[in-house]
Structures are given as C-alpha cells and as structure tokens.
Number of protein chains: 2
Amino acid sequence: MVTLAEVAQHAGVSASTVSYVLSGKRSISGATRQRVEESIRELGYHPNAGARALASSKSNIIALMIPLRTDMYVPVMMEIAIAVATTARTHGYDVLLLTGEEGPDAVRRVTGSGLADAMIVMDVELHDERLPLLRDTDQPSVLIGLPADTSGLTCVDLDFRATGALCVEHLAMLGHRDIAVIGEAPAVYERHTGFAERTLDGLRSRAGELGVRLLHRPCDGGYDAMAVTLARVLDERPTTTGFVVQNESAVEPLLALLRQQGRAVPEDVSVVAICPDQVAVQASVRLTSVAIPAQEMGRHAVARLVAKLDGREGDEVVLIAPELTVRASTGPAPTVA
Amino acid sequence: MVTLAEVAQHAGVSASTVSYVLSGKRSISGATRQRVEESIRELGYHPNAGARALASSKSNIIALMIPLRTDMYVPVMMEIAIAVATTARTHGYDVLLLTGEEGPDAVRRVTGSGLADAMIVMDVELHDERLPLLRDTDQPSVLIGLPADTSGLTCVDLDFRATGALCVEHLAMLGHRDIAVIGEAPAVYERHTGFAERTLDGLRSRAGELGVRLLHRPCDGGYDAMAVTLARVLDERPTTTGFVVQNESAVEPLLALLRQQGRAVPEDVSVVAICPDQVAVQASVRLTSVAIPAQEMGRHAVARLVAKLDGREGDEVVLIAPELTVRASTGPAPTVA
DNA sequence: AGTCTCTGTCGAAGCGCTTCGACAACCTAT
DNA sequence: ATAGGTTGTCGAAGCGCTTCGACAGAGACT
C-alpha cells in the first residue's frame, strides 16, 4: 500500500506539499505539482480514506436511508438511489446505504461515528421519529418527502398537492364529473406517508372548486385487489368515467379489468396515472400521467446537501412542479345517452 | 464529540481498556466492563469510524456495485441491495453503494483507498472488465451472477441453467410440444449477461432431450414490443402452446395480448415465468413460475463475503437450486382437434 | 516459601493524513 | 536600499483509535 510519505519521497518534496497538491488548499508551483502528480500516477497512489477522515473530520460519505419495504414504489426508490449515488460521485462523495430497519438508531450511529458527513432520508412519514434527531444534530440532512412540520429541515419532493389538482383539472376539462381515485395500499395511509395524503388533499380541494365528485379508495397492488376495488367503486358510483391511479402496481390490472368489462379506454373511461414515465409508456394503453421525477429528486437532494455542506445554503423546502403528459388513456367524457 | 479517552477518564480506566471492552479482544473483569459500559451509555459515546479504520485498517464497510441501468430487473436488484444491506448490518458491516458508472475505476478506488473491506458485484457480464482487478486484489469479493471464467472468484447465483431446464420439463410434462421463449431485451444478450445465456442453454438442452421444439425471441419490455414479438412467434409457429417468459416486464403484456386474442390461459396456452414471486402472484393470472430468490442471493453473498473476511473460506461457486411453483397459468396442452 | 502461569490492566507507539505556523525566497513600491 | 507583501515549501503536531509488550497481582503447583 502506497502512502503519502512514499509519494513525497519519490517526488522529492515533503508530505504536506503532496497533501496540498491533492487538496489545492495552498498554491503550489507548476513544476512541483507536475512532479508530484507524476509520482502519484507512477506509484498508483490512493489516499487512505480512514486517515483522511480522521485528520480532516470529513468522510466524504453521504448516508442514504431507504425504506425497508419493497412493497411500493420500488422503481422510484431505485431510480432515486441511483441518481443520488451518481450525483454524489460528481461532487466527490460516496453513498452509504442504510435501510430503515435500524430506525432512528441508524441516525445516531452514523452521525455519532462520523461515518457520514450528511444524510438523505427517503420515505419520510408525517411524524417521523427520525426528525427530532435530524434537527438536533449539526450534520446536514435532506429529506425526500415532506413531513408535517418542515421547520428546521430541508426537503425535496414532488408537489403532490399540485399533482392531485392537475389530475382533477385534466379530467374535469375533458368533461368528467365523477372521478374515482385508486390510491396507495391502505398501509401507506396508515403509516401517514405524506405524499399520499397530500395528493388526496390536492385532488379533493380542486374537485371541490370544479364541482367534480370524487371517490377515493385505497388499493393494494395486484390484479385481485384491484378487481375488488373496482367492483366496489362501480357499484357505488356507476357513473364514474374518470380514474386517477396512484398505485403503480394497480395500473395494469385496472386496464385489464376495464377491457374485460367492455369499457374502452379512453372512449368510455379515462385514466390518469401518477407514476414514472417509463411505466406510463410501457402500459397496455399509453397512459396520460403525471411523472414522478425520481432522478430529478435524487439529483436535487444531493445538490442541496452539498450546498449545505459547503455552508452555501440553509433550510428550504423544494417542491418540484408536476407535469402532466397527455397520452392515449384520457379523452372527452362520453355524453350520457 | 465524545472520545475514547473521555470514556476512559469517566470510568477511571485507561484508553486501551475501553478499547478492549469494545472489541472483546482481551479479557476484562466483569466489574471493569460494567463500569466502562455504563460510562459509554452515559456519555453517549460512538467510536469514530475514521480513527477506527485508520488504526485497524478495517473499515467495516462492504462495497456493493449495482448496475446503472434501470431497464431491467429493477425489483430484483432492489431486493438484493436491501437484503445485502440488512444482512451486512447483522455482521457489523455497512454498505457503500457504487453504481456501475465508474466501471473498473471504482474497484481501484475503493480497494486502493481502503474505503471498503470487501466488495459485492452485481450484474456481472461474461467477460467483465472488473474481473481481473478483483482477482488481483487481496480484498475479498463476491459476484452475484456468473462470468465465463469463475476461477479465483466466489460467485452466488440462481442456477439459471437448471431453471431453464425446469421450465421446459414442466411444460413438456403437461404435453406441450411447441414452446416459445420470450427472453430479455436484445441489449441484455448483446452485453453477454451470463444469466440470460445460461437460461437459454438450459432451456435448449432439456428441450433437445425431451424432443420439444423451442423458439427463442428476445423482447424489450412493454406492451408494444410484446405485441410485435408475439405476432412473429405465432406467425412462425402457430402451434405454440407453451410460453416461458424471462423478461418480467413482458409478462403482463403477454397475458393481456393472449386474452385479447381469445386464447385462454391455461386452457389454450400455458405460461411459465421466471420472476420474483411477488410479480407472479400479482399478475392477472397467478403465474406458474420459477422464483428469483433475490433476498436469498443477497444474504448468501454477504455470508460468503464475511466468511472470506474472517479467513474461514475460499473461493466457491454457489448455485441456488431453482424452485418451480405451479399456479394458475399452466395446464395440460390442448388436444389437437 | 518459591516458581510458574494466568488474568486484567496500562502506557506508548503508531495508523496515514491534514493543517497550522514558520520561514526562506522573491517581488514590488517606496 | 529598505520595508512590506506574496508565494511556495517544510516540519511538527495532532485526529481517535488499536495493539503490542510490559507488568503487577492472584492463584496453583512443587
């Protein structure tokens, strides 16, 4: 294993000079810099991470807490994680993967041990146990998701309220007057995951303003659950012509069921999904959808975090504006015979 | 920030004693141990990760390289990643998330800097550039997936050859004589990702033995791609009554298309999927499938890696035996009229 | 009583790096 | 020519921990 000292010796300079070449924190003459850089290359030197962390009290690692559950939103989580990892690298950080399993203890452990310099927390609940810890510590953190009280926190999320409103608007504009909302799994609401409630909020308030009737039903993913839910919805409100689907694993089942019942999409029934674009274009009907900008959220979170680490920024809530893309699953409401 | 020295002072012992209490590497009297442990709790001490890594030259971090692409197998990847992270924690390790983006350089960086003690590599190609590096370094590593040459490497994977064979056997046993294989996206084969080719191998050789005709077609995910592929298959071999689907994002589209064409599953056509159980049970027809044991693979990989770190084990290839679960998507081949 | 072996504890030496203050050497403006 | 400012480099002091050798004291054996 090659050390700084060996590089220094090889280049005929002192260790501190090599360090300054590496960090750029003091000016170094061109000649010296070149000599050092060449020695580094020649010897295949890699700075020791532990020593660096110890001496500088910075690990250059960002912790990413992902949910343990793989029951919802998996592609979105994955995409965010990957975006976080790659973006972090461009800023010189690596990413430590923490699952929610340890809960708040993970926060203590990581901040206490200096394992990571900062933290990104996903799948935030409205009253998350981790929040007090994050507020207390002086380690910067960014939440992906929005808790009830955002004071003293930096959050990045899709504006789900606006997302809900946008979906209703689109359907209302097309003349739909009875809209069913196929929501996330009941467990998601029970956990008080913010985004689900905020979407609903946006849906309801805009529906109220536009005089549209709304029927919201949580729904587990999969074909069977969707079948039950759909039957109930149509039983309760046979005049339903518009659907907003938030649970991406309910989308394809819904389309299959509608088809099976002889209801044509979009002639008889319109469907708006809230899902990643990839899902929307791969469905059996190309779906009009509001995209979940997973990559953007991941990139944003890292950008904020790095800004905070550099002392460039304070707390802030960033809500990404939703965008609705019209595809083949929505059309004018059928005129009543 | 609380240090070892402060804990030592608080407990009235030397620093080394505290260290030995923590590591258990020397015997400590019960009384002393208790006193130290109490001081630790009272002061809220967390050992500094950097200092530890420097002094012991072990970081207690496992690097996990995941593929950058989110175009295939996302849930499987995610499940593996989560299983790796949680299993690693039970062994006292944290997980560093690396995307394939940096390529072989990531291997150099991580092993060179001592950032991680060991490495798990996913999405291994048959002739992966990272393999020589992994063989050369003295850092233990485990591959999830199987390259062409496994010498000097530890690998964990589902036995995809046996998986392919199993699928054919099941269909053959039910009387199917013409089987179509809906494979992964063409890009997957072009990359020479091992599992896809090994599956095919298993399918073909067993088909040969059993006198079954096989037609293999790669297929991108999604409805449109599946529609094209299906049309071609049925055009070329109208007598096809069995399908083996490896691309999970082609499963639901295939079922929808078959339904649409009036082909009943499993009365007219049988479908076997190679996919996680969750996908199989959530589909519109409960799918007979060979499960991809993502969690098991993740856990296994960590277990092997930890064993190697402890010097308990050498290189080895672990192939997990496939299990086929019969559900509602397969049945006897229709008798020709 | 003396020797030997454990057991439990301590002190000190680093691990490889960053960073601070010091200081030559040079330049610029008086 | 001199004071003052830059610029480039060095030496040394840690960062907080692990680990090795040393050693006092207790117990077991002759």
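Computed from a prediction, not measured in an experiment: that's the story for all the values here.

Here we look at the relation of the copies chain B and chain A
Part 1 of the reasoning: Take chain B, turn it by 180°, move it 0.0 Å along the axis, and it overlays chain A with an RMSD of 0.1 Å. The transformation relating the two chain copies, once decomposed into turn and shift, fits a two-fold axis.

Some words on the interface of chain B and chain A
Part 1 of the reasoning: With 51 residues of chain B in contact, the opposing surface of chain A contributes 51 residues.
Part 2 of the reasoning: Summed over both partners, the interface of chain B with chain A buries about 4,200 Å², with 66% contributed by carbon and sulfur atoms.
Part 3 of the reasoning: Between the two partners, chain B and chain A, sit four salt bridges.
Part 4 of the reasoning: Asp94(A) is paired through a salt bridge with Arg109(B); the nearest N and O atoms lie 2.7 Å apart.
Part 5 of the reasoning: Residue assignment for the side of chain B that touches chain A shows that the elements contributing at least two residues are helix 4 (49-56), strand 1 (61-66), helix 5 (74-90), strand 2 (94-99), helix 6 (104-113), helix 11 (223-236), helix 12 (248-260) and helix 13 (277-282) of chain B.

Observations concerning the protein's contact with DNA strand C
Part 1 of the reasoning: Around DNA strand C, the surrounding shell holds 26 residues, and the nearest of these are Leu4(A), Arg26(A), Tyr45(A), Thr17(B) and Thr32(B).
Part 2 of the reasoning: A share of 56% of the atoms of DNA strand C within 4 Å of the protein falls on sugar and phosphate groups.
Part 3 of the reasoning: Within the side chain of Arg26(B), a nitrogen or oxygen atom sits 2.7 Å from a base oxygen of DNA strand C.
Part 4 of the reasoning: Side-chain polar atom of Ser29(B) to a phosphate oxygen of DNA strand C: 2.9 Å apart, as the coordinates give it.
Part 5 of the reasoning: Contributing elements (two or more residues each) for the surface near DNA strand C: helix 2 (15-23) and helix 4 (49-56) of chain A together with helix 2 (15-23) and helix 4 of chain B.
Part 6 of the reasoning: Broken down by element, the surface near DNA strand C gets its largest block of residues, four residues, from helix 4 of chain A.

Comments concerning the nonpolar core
Part 1 of the reasoning: Residues Leu64(A), Ile120(A), Leu64(B) and Ile120(B) are the most contacted members of the largest nonpolar core, which totals 108 residues.
Part 2 of the reasoning: If near-sequence neighbours (up to four positions away) are discounted, Leu64(A) is found in contact with Ala81(A), Val84(A), Val95(A), Leu96(A), Leu97(A), Leu98(A), Ile120(A) and Met122(A).
Part 3 of the reasoning: If you look at the next biggest cluster of nonpolar residues, it comprises 38 residues, including Ala116(A), Leu98(B), Ala116(B) and Leu131(B).

As for the packing of aromatic side chains
Residues and elements named next belong to chain A.
Part 1 of the reasoning: With the rule as written, the count across this model stands at two aromatic pairs over all chains.
Part 2 of the reasoning: Here Phe160 and Phe195 contribute two aromatic rings whose centre-to-centre distance is 5.2 Å and whose plane-to-plane angle is 50°, an arrangement assigned as tilted. Of this pair, Phe160 sits in helix 8 (residues 160-173) while Phe195 sits in helix 10 (residues 194-210); the two residues are 35 residues apart in sequence, bridging distant segments of the chain. Grouping residues by exposure puts Phe160 and Phe195 together as buried.

A few points about the domain arrangement of chain A
Part 1 of the reasoning: Partitioning chain A into domains gives domain 1 (4-47), domain 2 (61-158 + 294-320) and domain 3 (160-292).
Part 2 of the reasoning: Relative placement of domain 1 of chain A and domain 3 of chain A: their C-alpha centres are 60 Å apart.

Each value, and the rule that gives it
Residues numbered from 1 in each chain as written. Chains lettered and ligands numbered in written order. Predicted model: local features only at pLDDT ≥ 70, side-chain atom pairs only at ≥ 80, totals over all residues. Heavy atoms only, no water. Least-squares fit on C-alpha atoms with pLDDT ≥ 70 in both. Contact = heavy atoms within 4.5 Å. Buried area = accessible area lost by both parts, 1.4 Å probe. Salt bridge = Lys/Arg side-chain N within 4 Å of Asp/Glu carboxyl O. Helix = DSSP H or I, 4+ residues; strand = E, 2+ residues; numbered from the N terminus. Near = heavy atom within 4 Å. Polar contact = N/O pair within 3.5 Å; in protein donor to acceptor, adjacent residues only side chain to side chain. Core = buried A, V, L, I, M, F, W, Y, C linked by side-chain atoms within 4.5 Å. Buried < 20%, exposed > 50% of the residue type's maximum accessible area, 1.4 Å probe, protein only. Phe/Tyr/Trp six-rings, centres within 6.5 Å; stacked < 30°, edge-to-face > 60°. Domains from an automatic or database assignment.

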